[in-house]
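# An overview of the molecular structure
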Amino acid sequence: MSETTVTVESAATETSSCCGSCGTGAGAAPAAESARTSVFQVKGMTCGHCVTSVTAELKKLDGVDDVAVDLATGTVTVGSTRSLADSEVAAAVDEAGYELVGRVEG
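Conventions adopted
Residues numbered from 1 in each chain as written. Predicted model: local features only at pLDDT ≥ 70, side-chain atom pairs only at ≥ 80, totals over all residues. Heavy atoms only, no water. Pairing = 2+ DSSP bridges. Helix = DSSP H or I, 4+ residues; strand = E, 2+ residues; numbered from the N terminus. Axes fitted to C-alpha atoms, helices over the stretch in contact; angles between N-to-C directions. Salt bridge = Lys/Arg side-chain N within 4 Å of Asp/Glu carboxyl O.

### Thoughts on the sheet that holds strand S2 (residues 64-70)
Taking strand neighbours across the sheet as the criterion, the four strands line up as S2-S3-S1-S4 in an open arrangement whose pairing is antiparallel. The open sheet is flanked by S2 and strand S4 (99-103), the only strands paired with a single partner. Between one strand axis and the next, the sheet turns through 30° on average, direction left out of account. Of the pairings in the sheet, the one linking S2 to strand S3 (residues 75-80) comprises six bridges and is antiparallel in character. Paired with Ala68 across the two strands is Thr77, which belongs to S3.

### Examining the pattern of salt bridges
In this structure the tally under the stated criterion is four salt bridges. Among the ionic pairs, Asp86 bridges to Arg103, the shortest N-O distance being 2.6 Å. With a gap of 17 residues between them, Asp86 in helix H2 (residues 86-96) and Arg103 in strand S4 connect regions that are remote in the sequence. The network of salt bridges with shared partners includes Asp62, Arg82 and Glu88.

What follows is the structure in structure tokens.
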């Protein structure tokens, strides 16, 4: 059986609603270099469990090879080999139990 390790850093916010299932407050990992990088704003993530759920659903999308979640800002950076439609990212985020606010331009 394979095991996934998520590195988490604690970050407290006034609106934190951590589910408590993982015992962490925040998590982030740097994104690897991909052909395309897109950044999305996601609402509702508060802990390492959130990171794991969103990451797992986004990695199911065809062409996605890297996902990095920054809980402090609520941003999700997705590295992929193709352009991703906002609708397919929204569906994956929704499946994980969170809300896609939109794409971060920059």
